[in-house]
Amino acid sequence: MKTEWIRKTIQNFEPYFVAPIAEKNVINANENYFNVLSIPAVKQELIEALDTFKPQIYPKPMADDLRKALAEYVDLKPENIICGNGGDEMITYLLGTFLNPGDKLLVHSPTFDMYELGAETLGAQTIKVKDLAGYRRDKEGLLAAVKKYQPKITVICNPNNPTGDLLPASFIEVVLKAADNLVFVDEAYMEFAQKESVISLIRQYPNLIVLRTLSKAFGLAGMRCGYLAADQEIINAIAKIKAPYNLNAFTQLFAQIVLRHKEELFKVRDDIVEERKRLFDELVKIPGLTVYPSCTNFLLVQVESKHEEIFKALKEKDILVKIYRNSAELPNAYRISVTTKEVDDTLLEVFRKELS
Ligand code: PMP
């Protein structure tokens, strides 16, 4: 293949790296440890639904029934929702709908890679506002950058991946007022924060777009289901580039069942939040380690020494965490998804032993 066949903007891209998995306890991707099929009623409803399920028929293009269920969940109208194959696909659609080559995308940094990757693919320029010490967002810096550049899209990941930092909704409202253009708030982890969502502000701000996903608190990462909420005109614009049958019929069905059981899943969410607090309190006590307060289902940790050794020692105990290698922004860091006390106790043991 001739290299010049590849779109110029992506010629230097590395393929997205997904770590090979051999470990029993995979806590590197912020998944939910809980299997929704272990709720007997969920399994039963799914089996019953299969009686009338028709895999030979294309799915509903706008996932009408699921859209209605999601709208109910976030207290908006179905016309305010568009769904697809996980938040990842929705980010691609969002950027593809609004970014021209040369447009500006403003992000805080560090954050989820997909925004910058998507913007670069389209030939747009990413402007970054670095976090303050302790990986807390630079609110003043962000606001100043919004006013200075008036970027086509300002991205706020809230709570932020990988730092866990949560910004108040009041600050996002200030950004919404200052921005002439779009403000995109990624709330993939908002169910774990349980406060500061801006999703209801969609009724007031036609420049606000919010991302949510069923991959985290709802435990459906493997089914791929994410959605954007925004003013109807924004949703209609995004629908122009959406593949007609993007979200498969089985996911549409499964997601509706799981949404009906949200109370059970919120109990699991509450357990994860409790366990996150305990893990944080234990990690804080370990010398040579820094852990950052988080409003999500994961913790960002940095060590003063033995970065690679600890990663290996965890692997030997059958635990895979996300390790940041050669990262100027996140030196000697790991991101650890919170799961169960049992896994966390083993993890704590390794950190204590290696850093003693
Ligand atoms: N946004 C953020 C901040 C994320 O961390 C992720 C998942 N890693 C996503 C969006 C996308 O998740 P999914 O495609 O599974 O919905």
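Residues numbered from 1 in each chain as written. Predicted model: local features only at pLDDT ≥ 70, side-chain atom pairs only at ≥ 80, totals over all residues. Heavy atoms only, no water.

Our focus in this paragraph is the state of the cysteines. For the structure shown, the criterion picks out zero disulfides. Among the cysteines around C225, which has no disulfide bond, C83 carries the closest sulfur, lying 5.8 Å off. Here C295 stays free of any disulfide, with the sulfur of C157 as its closest cysteine sulfur at 12 Å. (Disulfide = S-S within 2.5 Å.)

Moving on, we come to the nonpolar core. Judged by nonpolar contacts, the single largest core of 88 residues is most densely connected at L283, Y334 and F351. Core analysis: the next-biggest nonpolar cluster, separate from the first, contains 27 residues, Y93, L94, F98 and L228 among them. (Core = buried A, V, L, I, M, F, W, Y, C linked by side-chain atoms within 4.5 Å. Buried < 20%, exposed > 50% of the residue type's maximum accessible area, 1.4 Å probe, protein only.)

Nonpolar side chains collect at one region of the surface, where Y16, V18 and L117 lie side by side and expose about 320 Å² of accessible area between them. Mapped onto the secondary structure, V18 falls in the segment before β1 (25-27). V18 sits in the exposed class, given a relative accessible area of 62%. (Patch = residues over 30% accessible without salt bridge, like charges linked within 9 Å, V, L, I, M, F, W, Y side chains within 5 Å. Areas by Shrake-Rupley, 256 points an atom, 1.4 Å probe, with all protein chains shown as cover. Salt bridge = Lys/Arg side-chain N within 4 Å of Asp/Glu carboxyl O. Helix = DSSP H or I, 4+ residues; strand = E, 2+ residues; numbered from the N terminus.)

With that out of the way, let us pick up the sheet that holds strand β3 (residues 104-109). Within the open sheet, the seven strands sit side by side as β2-β8-β7-β6-β5-β3-β4. Their pairing is mixed. Of all strands in the sheet, those with a lone pairing partner are β2 (81-84) and β4 (125-130), marking the two edges. Strand-to-strand twist of the sheet, defined as the mean angle between neighbouring strand axes without regard to direction, takes the value 20°. Here β3 pairs with strand β5 (residues 153-157) via two bridges, running parallel. Bridged to L106 within β5 is T154. (Pairing = 2+ DSSP bridges. Axes fitted to C-alpha atoms, helices over the stretch in contact; angles between N-to-C directions.)

In this section: empty space enclosed by the protein. If you walk through the whole model with that rule in mind, you get one cavity of 30 Å³ or more. Around the largest cavity sit K60, P61, M62, A63, C83, P244, Y245, N246, L247 and Q252, which together line it. For the lining of the largest cavity, the class distribution of residues is seven nonpolar, two polar and one charged. (1 Å grid on protein atoms, 1.4 Å probe; cavity = no way out; pocket = protein on both sides within 12 Å on 5 of 7 lines; lining within 4 Å. Points joined across faces, edges and corners; volume = space filled by probe spheres on them. Nonpolar A, V, L, I, M, F, W, Y, C, P; charged D, E, K, R; others polar.)

So, about the pairing of β4. Strand direction decides the pairing type here: β3 and β4, joined by six bridges, are parallel. Looking across to β4, one finds that L105 is bridged to T126. In this region the chain leaves β3, passes through helix α4 (residues 114-121) and returns to the parallel neighbour β4; the handedness of that crossover is right-handed. (Right-handed = clockwise from strand over helix to strand, strands pointing away.)

Taking 1.5 Å per residue as the helical rise, helix α10 (residues 262-284) with its 23 residues ought to reach 33 Å, and the 32 Å between its terminal C-alpha atoms agrees with that figure. Along α10, the residues that are buried comprise L265, F266, V268, R269, I272, V273, E275, R276, L279, E282 and L283. (Expected span 1.5 Å × (residues − 1).)

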